[in-house]
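Summary of structural features
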Amino acid sequence: MLKVTVFKDERTLARALATQIAATLNETPDLVLGLPTGRTPVRLYHDLGTLHADLSRATTFNLDEFLGIGPDHPGSYRAFMAHHLFSRVNIAPERIHVLNGAAPDPEGECGRYERAVAGAGGIGLQLLGIGTNGHIGFNEPARELAARTHRVVLKESTRRSNAALFGGDLSLVPREGLSMGMATILQARRIVLMATGKSKARSVELAVRGPITTKLPASFLQLHPAVELMLDEAAAGLLGEHATF
Ligand code: F6R
């Protein structure tokens, strides 16, 4: 059974995790962090700034990026990260890694990224969100999952939940993305998945209790020896009784 910690609300969760990450950075200044975008980590990223977490020697790798738009595009995950985290902390720009959605050779870009992760010594702490359909990064439910960083056709539901980054216009949301694969993610030494809100309760329940299946990529986390799910009460709503922090 995956380790689950339940917090009374999103604010408490974000503060607890930010405090924990800041402490980890004090002990391990050259920590390699894997990072998600999305609504869920926004408060955490702001709290890392407020707590003056020291990322001066840390390295980051983002999970995924849209294909067909460059890092300067305001809808890119690179721009999202700059706004919500990188501009708020003291990370060295050369140690920030985000897949380049405008790379002329997307498959080559995926290979380059895998080598960069390996070259940094692998990911020490991988943070994750979860889709309402159980996706992780852009690893969507499918008959097969790609192990390594790859090019992916986005599901309509994923494009819709990202429309806000493109002024609410679904037609502007790219149809493809680049994403770390499940094996890349599962090679991280430690993983923390955050989920908040009732809309995540079902995918969280299936990730924890369901069969391990490519139809719910998050279920593969059951195979990892050091995963923690940090949830608010709403996201933990289908898991039964838990102590709440
Ligand atoms: C994005 C990512 C996605 C999100 C997921 C949840 O980098 O990894 O898998 O974590 O779509 O998104 P939010 O947090 O917006 O509910």
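Right above here is the structure, for reference.
Residues numbered from 1 in each chain as written. Predicted model: local features only at pLDDT ≥ 70, side-chain atom pairs only at ≥ 80, totals over all residues. Heavy atoms only, no water.

1. So, the site of the ligand
Around the ligand, the surrounding shell holds 15 residues, and the nearest of these are Arg39, Thr40, Asp64, His135 and Lys200. Between Thr40 and the ligand, the recorded distance is 2.4 Å, taken from a side-chain N or O atom to an oxygen atom. At a separation of 2.7 Å, an oxygen atom of the ligand approaches a polar side-chain atom of Asp64. Against a free-state accessible area of 410 Å², the protein chains account for coverage of 87% of the ligand. The pocket occupied by the ligand, as judged from atoms lying within 2 Å of grid points, is the largest pocket. Among the residues making up the shell around the ligand, the classes are represented as five nonpolar, seven polar and three charged. (Near = heavy atom within 4 Å. Polar contact = N/O pair within 3.5 Å; in protein donor to acceptor, adjacent residues only side chain to side chain. Areas by Shrake-Rupley, 256 points an atom, 1.4 Å probe, with all protein chains shown as cover. 1 Å grid on protein atoms, 1.4 Å probe; cavity = no way out; pocket = protein on both sides within 12 Å on 5 of 7 lines; lining within 4 Å. Sits in = over half its atoms within 2 Å of the grid points. Nonpolar A, V, L, I, M, F, W, Y, C, P; charged D, E, K, R; others polar.)

2. Digging into the layout of surface pockets
Estimated volume of the largest pocket: approximately 650 Å³. If you go around the largest pocket, you meet 27 residues; those closest to its centre are Gly38, Arg39, His135, Ser161 and Asn162. Broken down by secondary-structure element, the contributors of at least two residues to the lining of the largest pocket are α3 (77-86) and α5 (156-161). The element that contributes the greatest number of residues to the lining of the largest pocket is α5, accounting for three residues. Split into classes, the residues belonging to the lining of the largest pocket amount to 10 nonpolar, 14 polar and three charged. (Points joined across faces, edges and corners; volume = space filled by probe spheres on them. Helix = DSSP H or I, 4+ residues; strand = E, 2+ residues; numbered from the N terminus.)

3. Concerning the sheet that holds strand β1 (residues 3-7)
Spatially, β1-β10-β9-β6-β2-β3-β5 is the arrangement adopted by the seven strands of the open sheet, whose pairing is parallel. With partners counted over all chains shown, the strands left at the sheet margins are β1 and β5 (96-97), one partner each. Here four bridges tie strand β2 (residues 32-35) to strand β3 (residues 59-62), and the two strands are oriented parallel to one another. Bridged to Leu35 within β3 is Asn62. (Pairing = 2+ DSSP bridges.)

4. A short note on the packing of helix α1 (residues 10-27) against helix α2 (residues 42-50)
Packing of α1 against α2 brings their axes to within 8 Å, and their N-to-C directions diverge by 50°. When the interaxial angle is binned, α1 and α2 end up oblique. Of the two possible hands of crossing, α1 and α2 adopt the one that is right-handed. Taken together, the residues of α2 that come into contact with α1 (itself represented by Glu10, Arg11, Ala14, Arg15, Leu17, Ala18 and Ile21) are Arg43, Leu44, Asp47, Leu48 and Thr50. A class-by-class count of the residues in the contact of α1 with α2 yields six nonpolar, one polar and five charged. (Axes fitted to C-alpha atoms, helices over the stretch in contact; angles between N-to-C directions. Parallel < 35°, antiparallel > 145°, perpendicular 65-115°, else oblique. Left-handed = near helix turned anticlockwise from the far one by under 90°. Contact = heavy atoms within 4.5 Å.)

5. Details of the packing of aromatic side chains
The full count for this structure, using the stated rule, is six aromatic pairs. Seen in terms of ring centroids, Phe66 and Tyr77 are 4.6 Å apart; in terms of plane orientation they differ by 50°. Their pairing is tilted. Highlighted residues: Phe66 in strand β4 (residues 64-66) and Tyr77 in helix α3, separated in sequence by 11 residues. By relative accessible area, Phe66 is classed as buried at 0%. Chaining the aromatic ring pairs together yields one cluster made of Phe66, Tyr77, Phe138 and Phe166. (Phe/Tyr/Trp six-rings, centres within 6.5 Å; stacked < 30°, edge-to-face > 60°. Buried < 20%, exposed > 50% of the residue type's maximum accessible area, 1.4 Å probe, protein only.)

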